[in-house]
Amino acid sequence: MIGHDRAVVDAIVDGTTARILVGPEELPWDVPVEALPQGASEGTWLVIDVPQAIVRIDEELTSQRASDLRDRLSQLRNRSSGRFDNQRD
């Protein structure tokens, strides 16, 4: 990783460690929760500037991914509703 990369907060483990998945390869990094920017939580996308070791929240990507996930869940719910209504045991 040279320059900057994107990462997502995958999980917060026991309140002290954050597992982040970095780059397109989703390389796992475990970092102290206090190293995360204020407001970061599971599902938050980050921009990591490697040379300066600066981490900031990517608000736009976080919002976009959350919206995409809500849309997919809605589609799945709509597609599955009524699918088994006409079947009997």
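The following refers to the structure shown.

**Re the overall build of the protein chain**
Link 1 in the chain: Along the backbone of the protein chain there are one helix and five strands.
Link 2 in the chain: Counting over 89 residues, the protein chain shows a buried share of 25%.

**Quick notes on the nonpolar core**
Link 1 in the chain: Within the largest apolar cluster, 11 residues are counted, these being Ala7, Val9, Ala18, Ile20, Val22, Val31, Leu36, Ala40, Leu46, Ile48 and Ile57.
Link 2 in the chain: Among the secondary structure elements, those contributing two or more residues to this core are β1 (4–13), β2 (17–22) and β4 (45–49).
Link 3 in the chain: At three residues, β2 tops the list of elements feeding residues into this core.

**Overview of a nonpolar patch on the surface**
Link 1 in the chain: A cluster of nonpolar side chains, contributed by Leu69, Leu73 and Leu76, occupies part of the molecular surface with about 270 Å² of accessible area.
Link 2 in the chain: With respect to the helices and strands, the residue Leu69 is situated in helix α1 (residues 59–80).

**Quick notes on the packing of aromatic side chains**
Link 1 in the chain: With the rule as written, the count across this model stands at zero aromatic pairs.
Link 2 in the chain: Looking at Arg65, its charged tip hangs above the ring of Trp45, at a distance of 4.6 Å from the centre.

**Brief notes about the pairing of strand β3 (residues 27–32)**
Link 1 in the chain: In the sheet, β2 pairs with β3 via six bridges, with the strands oriented antiparallel. Residue pairing in the sheet places Thr17 in a bridge with Pro32 of β3.
Link 2 in the chain: Connecting the antiparallel pair β2 and β3 is a turn made up of four residues, with Gly23 showing a positive phi of about 75 degrees.

What counts and how
Residues numbered from 1 in each chain as written. Predicted model: local features only at pLDDT ≥ 70, side-chain atom pairs only at ≥ 80, totals over all residues. Heavy atoms only, no water. Helix = DSSP H or I, 4+ residues; strand = E, 2+ residues; numbered from the N terminus. Buried < 20%, exposed > 50% of the residue type's maximum accessible area, 1.4 Å probe, protein only. Core = buried A, V, L, I, M, F, W, Y, C linked by side-chain atoms within 4.5 Å. Patch = residues over 30% accessible without salt bridge, like charges linked within 9 Å, V, L, I, M, F, W, Y side chains within 5 Å. Areas by Shrake-Rupley, 256 points an atom, 1.4 Å probe, with all protein chains shown as cover. Salt bridge = Lys/Arg side-chain N within 4 Å of Asp/Glu carboxyl O. Phe/Tyr/Trp six-rings, centres within 6.5 Å; stacked < 30°, edge-to-face > 60°. Lys NZ or Arg CZ within 6 Å of the ring centre and 35° of its normal. Pairing = 2+ DSSP bridges.

From the geometry alone we can't say anything about function, so treat these as descriptive.
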